[in-house]
Protein chains: 2
Amino acid sequence: MSTIFADRMENTRKSFIREILKVTQQPEVISFAGGLPNPGLFPVDEVAAAAAKVLSEEGRNALQYSTTEGYLPLREFIAQRYLLKSGLKIDPDEILITNGSQQSIDLIGKVFLNKGDRVVIESPGYLGAIQAFSIFEPEFVEVPLLEDGIDTDQLDRILAGSSGKLFYTVPTFQNPSGITYSRQKREETAKILQRHNIVCVEDNAYWELRFAGEDLPTIRNFSDNTILLGSFSKIIAPGIRMGWICAQGETMEKLLIAKQAADLHSNYLSQRIIYQYLLDNDIDEHILKIKDAYGKRRDLMIGLMEEHFPEGIGYTKPEGGMFVWVTLPEGISSMDLFELAIKENVAFVPGSPFYTRDGMGINTLRLNFSNSDFDKIEEGIKRLAGCLRELNSD
Amino acid sequence: MSTIFADRMENTRKSFIREILKVTQQPEVISFAGGLPNPGLFPVDEVAAAAAKVLSEEGRNALQYSTTEGYLPLREFIAQRYLLKSGLKIDPDEILITNGSQQSIDLIGKVFLNKGDRVVIESPGYLGAIQAFSIFEPEFVEVPLLEDGIDTDQLDRILAGSSGKLFYTVPTFQNPSGITYSRQKREETAKILQRHNIVCVEDNAYWELRFAGEDLPTIRNFSDNTILLGSFSKIIAPGIRMGWICAQGETMEKLLIAKQAADLHSNYLSQRIIYQYLLDNDIDEHILKIKDAYGKRRDLMIGLMEEHFPEGIGYTKPEGGMFVWVTLPEGISSMDLFELAIKENVAFVPGSPFYTRDGMGINTLRLNFSNSDFDKIEEGIKRLAGCLRELNSD
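Cut-offs and rules
- Just so you know, the residues in each chain are numbered from 1, in the order the chain's sequence is written.
- A letter from A marks each chain and a number from 1 marks each ligand, given out in the order of writing.
- Where totals are concerned, whole chains, interfaces and linings use all residues; where local detail is concerned, this predicted model gives features only for residues with pLDDT of at least 70, and gives and counts side-chain atom pairs only at 80 or more.
- The side-chain figures draw on all heavy atoms in the structure; neither hydrogens nor water molecules are used.
- UniProt positions are given in the numbering used here, feature names are shortened, and annotations may be inferred rather than shown by experiment.
- Here a strand is any run of E in DSSP of at least two residues, a helix any run of H or I of at least four, and the numbering for each starts at the N terminus.
- In this setup the radius of gyration rests on C-alpha atoms only. A globule is expected at 2.2 Å times the number of residues raised to 0.38.
- Each residue is placed in one exposure class: buried if its accessible area under a 1.4 Å probe, protein chains only, is under 20% of its type's maximum, exposed if it is over 50%, and partly exposed if it falls in between.
- The convention used is that axes are lines fitted to C-alpha atoms, helices contributing only their stretch in contact, and that angles between N-to-C directions extend from 0 to 180 degrees.
- Orientation categories follow fixed angle ranges, with anything under 35 degrees roughly parallel, anything over 145 roughly antiparallel, 65 to 115 roughly perpendicular, and all other angles oblique.
- Put simply, a crossing is left-handed when the front helix is turned counterclockwise from the back one by less than a right angle, and right-handed when it is turned clockwise.
- In this analysis, two residues are considered to be in contact whenever any of their non-hydrogen atoms come within 4.5 Å of each other.
- Asp, Glu, Lys and Arg are counted as charged, while Ala, Val, Leu, Ile, Met, Phe, Trp, Tyr, Cys and Pro are counted as nonpolar; the rest, among them Gly, fall into the polar class.
- Here, nonpolar core means buried Ala, Val, Leu, Ile, Met, Phe, Trp, Tyr and Cys residues that are tied together by side-chain atoms lying within 4.5 Å of each other.
- Two parts placed together each lose some accessible area; with a 1.4 Å probe, that loss summed over both constitutes the buried area.
- Criterion for a salt bridge: a side-chain nitrogen of Lys or Arg within 4 Å of a carboxyl oxygen of Asp or Glu.
- Each polar contact in these results corresponds to two N or O atoms within 3.5 Å; when the atoms are within protein, one needs to be able to donate a hydrogen and the other to accept it, and residues that are neighboring in sequence are counted only if both atoms are side-chain atoms.
- Here, strands pair whenever DSSP counts at least two bridges between them.
- Summarising the geometry, the arc corresponds to the directions from the helix axis toward the C-beta atoms.
- When the copies are superposed, the least-squares fit draws on C-alpha atoms of residues that have pLDDT of at least 70 in both.

Under an unreviewed UniProt entry, the name given to chain A is Aspartate aminotransferase, and the organism recorded is Methanolobus chelungpuianus. Recorded in UniProt under Cofactor (unreviewed entry), the annotation for chain A is "pyridoxal 5'-phosphate".

If you want it as structure tokens, here you go:
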């Protein structure tokens, strides 16, 4: 049977995380596994008001087919926000509304990647990007993340040897590591990519969620040869599946063709609802609430890890976003830890799936802190510490 | 610059129809060009009530990430409807919710097509399918549509010569031709495809919109080797972008992987709203209203064509759907007619884009009747008749 399918489907697999999530959805499990925003912070009433307004005032229009580019006032809002927040001058026509960053990545893969083209990706890297690009059969090249961003020396060396088509990065509160590129690393990365004429795909899904440290420029600030991705998933809600791509010229033309072929246009009613929500509410005030809630959860989790985790375990201390990355001592497997932890009803994601090559990141794991209440974080980290001591004593 | 893009983007182009639509959106133009449902029939108040209910009762859940497959009760509803309407036994797990048929076709292309694989398509065929499949660089093979469906003798001969991967069909009120396969043609088509072991993609976007004649079985009723596509675009509203794929076994597994990589899952809030709408309203009663309105428009359009069009012009008399297909005398170009008509503020779609090869269908065109009011249809067809007489006298 399998010979009837396209070659591109041979090396694809279901998301390991989504499979884990199925196991961990029982209510008794304390899950640090998913990458879910906290639903307690969704602006439900405000979205309901926006939906009611759009449907009563513009219902027939909002339910009809629309343009591939997306709702112009929404694109204008996004452009205006880039100008205000990052000093970026982006024309609304350089913005394409998508069904969230996952579709943005898929469209970019479709438009750029021939089989065997090199995609340079952070190690560890965002699993959704690895999945989406994999379908177009690229050769992945991993460059390690250091504490302040990608290893730029290695990036330069690798690209000097043989160039690539795309460099994919989540430079701010990265998924899975929580790492943020320093200002210097952003500038260096932009320069190296420009020198080797490789397109940067800068995925800023967590950009707005900074609860410590200071705001930094985007890589796009340093290089126009950057495709910038954004999303409403983490600042409004992910179930609406709404994000965007900023790209220019011929790249945008090709992306529009790919988007049109993929699904004509993104859900127009939802675009109208999100725009109405943004118009009638102060999104910055709402984001402040999210940042406050996530910052407190991070502080609690990191504090508990400092207090209870045995010696020799490393972890990142993210200044924003939703994830902490844990490195166990060499030789300790996070899969073994997972098996112990799940017996104690605690779940997380072992690190290996975040690498494109087998055998990498055996001793690493990702913890999500955004989607658990304080008591769950406390209880979960204590149990995890117990499991770690048990592993150490084996 | 263009060398940085993937080879697959070389032969793609923007939809000719969407480009035409931009020209014809001025209010003074009587447009038979688009494939738009009539927005006067959208159940706006009912969708608003459903949205309010979902958000007030299940808001936090409806706004969160969800499963790739789609909302189970919605899939159960669709399965139940197939059983009632077509006697098809489809398990809810054999249904994947997508962002409308366009995405369904894109996912099928992704999962099945290697470069050069043969896709057999009706001639004329659905433009959106040609666009979506084109990205995966297949070889298109066209088989002419006769009055009662595809030319099955030619289909059999072509597949005997060299088989193919997919056969794509809109067997009921086809876009663009309005043609419906007879019961016998459905059965023959299914048999031929089974004999040559080629997968049938049966796109039933207009299925529910029958205003004359009697219901017929789907091709899926005659062959399990059929992927069945459905959509809420024509029976509720297209702006919500919501459709589905029915597929089995390994095909569904691959489609799920492709969907996950494409955008994780379809807009969950919208899935919940549509389900709530279906639960709280009688969809059959609503569809009756649509059928009544479209049937009256078709009768008017066909009647006026009989009365006013010059001799020698052929047209289909569809029993449902949204389109009439017009064939001008040999040697008369519908592009010439388009240029005359647009000066009279009447628009339609010339037939050529519905063929995969250049130079085909020069004397054909598509008229949409669903999206015009009666007075517009009357005035538009009269003006078109005038243009035809003018062309004839040249």
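Engineer: How would you explain the overall build of chain A if you had to name every residue and give the values?
Structural biologist: What chain A contains, in helices and strands, is 12 helices and 14 strands. Computed over its C-alpha atoms, the radius of gyration of chain A comes to 21 Å, within 12% of the 21 Å expected for a compact globule of 394 residues. With respect to the principal axes defined by its C-alpha atoms, chain A has extents near 65 × 55 × 50 Å. Within the span of chain A, comprising 394 residues, buried residues form 64% of the whole.

Engineer: How would you summarise the packing of helix α4 (residues 101–112) of chain B against helix α8 (residues 249–263) of chain B if you had to cite specific residues and measurements?
Structural biologist: Residue and element names in this part refer to chain B. Two numbers describe how α4 lies on α8: the axes approach to 9 Å, and their chain directions differ by 115°. In terms of their interaxial angle, α4 and α8 are classed as roughly perpendicular. The two elements α4 and α8 meet at a crossing, and its hand is right-handed. Where α4 approaches α8, its residues Q103, L107, I108, K110, V111 and F112 are matched on the opposing element by T251, K254, L255, A258, K259, A262 and D263. For the contact of α4 with α8, the class distribution of residues is seven nonpolar, two polar and four charged.

Engineer: Can you explain the UniProt feature "domain: Aminotransferase class I/classII large" (unreviewed entry) in chain A? Please cite residues and give values.
Structural biologist: Cross-referencing UniProt, the feature "domain: Aminotransferase class I/classII large" (unreviewed entry) maps to residues 41–384 of chain A in the present numbering. Within the segment residues 41–384 of chain A, helix and strand shares are 44% and 16% respectively, and the terminal C-alpha atoms sit 26 Å apart.

Engineer: I'd like a rundown of the nonpolar core, residues and numbers included.
Structural biologist: One broad rule of soluble globular proteins: the nonpolar side chains tend to lie buried together. Ranked by size, the top nonpolar core spans 237 residues in total, and within it A:L367 and B:L367 carry the most contacts. Leaving out residues up to four positions away in the same chain, A:L367 has contacts with A:F32, A:M301, A:M305, A:M322, A:F323, A:V324, A:V326, A:F348, A:I381 and A:L384.

Engineer: Summarise the interface of chain B and chain A; cite the residues concerned and give the values.
Structural biologist: Often, the extent of an interface is quoted as the loss of accessible area upon association of its parts. Contact residues are listed per partner, giving 76 residues for chain B and 76 residues for chain A. Of the roughly 6,700 Å² buried where chain B meets chain A, counting both sides, 58% is carbon and sulfur surface. For the pair chain B and chain A, the interface holds two salt bridges. Taking the shortest distance from any N to any O, the salt bridge between A:D106 and B:K110 comes out at 2.5 Å. Where chain B meets chain A, there are 42 residue pairs in polar contact (both at pLDDT 80 or more). For the side of chain B that touches chain A, the elements supplying multiple residues, two or more each, are α1 (16–23), α2 (44–62), α4, α5 (127–134), α8 and α9 (268–280) of chain B. For the side of chain B that touches chain A, the element with the highest residue contribution is α8(B), accounting for nine residues. Each residue belonging to the side of chain B that touches chain A can be placed in one class, and the counts come to 35 nonpolar, 25 polar and 16 charged.

Engineer: So, the environment of A:S123: which residues are in play, and what are the values?
Structural biologist: Residues and elements named next belong to chain A. Following the sequence through the fold, S123 ends up in strand β3 (residues 118–123). In sequence terms S123 and P144 are 21 residues apart; their C-alpha atoms lie 4.6 Å from each other. When neighbours within four sequence positions are excluded, S123 is seen to be in contact with E142, V143, P144, L145, Y355 and M360.

Engineer: Describe in detail the pairing of strand β8 (residues 226–231) of chain A, supporting the description with residues and values.
Structural biologist: The two faces of the sheet receive side chains in turn, since in a regular strand these alternate between them. Residues and elements named next belong to chain A. Of all six residues in β8, six are buried; the element is thus mostly enclosed. Burial along β8 is two-sided: the residues T226, L228 and G230 and I227, L229 and S231 are all buried. Pairing geometry for strand β7 (residues 199–203) and β8, over four bridges, is parallel. Residue C200 lies in a different strand from β8, and its bridge partner there is T226. Taken together, the four bridges between β8 and strand β9 (residues 243–246) define a ladder with antiparallel strand orientation.

Engineer: Break down helix α6 (residues 152–161) of chain B for me, citing the residues and quoting the values.
Structural biologist: Residues and elements named next belong to chain B. Within α6, burial applies to T152, L155, I158 and L159. Seen end-on, α6 carries its buried residues on one side only, within an arc spanning 125°. α6 presents D153, R157, A160 and G161 as exposed residues on the side facing more than 90 degrees away from its buried surface. Contact partners of the buried residues in α6: β3 (118–123), β4 (139–146), β5 (149–150), β6 (166–169) and α7 (183–195).

Engineer: If you had to explain the sheet that holds β6(B) to someone new, which residues and values would you point to?
Structural biologist: Taken together, the eight strands give an open sheet; going across it, the order is β2-β9-β8-β7-β6-β3-β4-β5 (chain B), and neighbouring strands pair in mixed fashion. Since the sheet does not close on itself, it has two edges, and those belong to β2 (95–98) and β5 of chain B, each with one partner.

Engineer: Go over the relation of the copies chain B and chain A, please, and point to the residues and values.
Structural biologist: With an RMSD of 0.0 Å, chain B superimposes on chain A once it is rotated by 180° and translated 0.0 Å along the axis. Accordingly, the operation relating the two chain copies is best matched by a two-fold axis. Taken as a fraction of all interface residues of chain B, those also at the interface in chain A reach 100%, which identifies the copy contact as same-surface.

Engineer: With reference to specific residues and values, describe the sheet that holds strand β13 (residues 349–350) of chain B.
Structural biologist: Residues and elements named next belong to chain B. Strand order in the open sheet formed by four strands is β10-β11-β14-β13, with antiparallel pairing between adjacent strands. In this open sheet, the two strands that pair with only one neighbour each are β10 (314–315) and β13. Strand contacts of helix α10 (residues 283–308): β10, β11 (323–327) and β14 (364–368), with the helix running at about 20° to β11, the strand carrying the most contacts.

Engineer: Please provide a residue-by-residue account of the environment of B:D215, values included.
Structural biologist: Mapped onto the elements of the fold, B:D215 is located in the loop between β7 (199–203) and β8 (226–231). When its relative accessible area of 63% is taken as the criterion, B:D215 is described as exposed.

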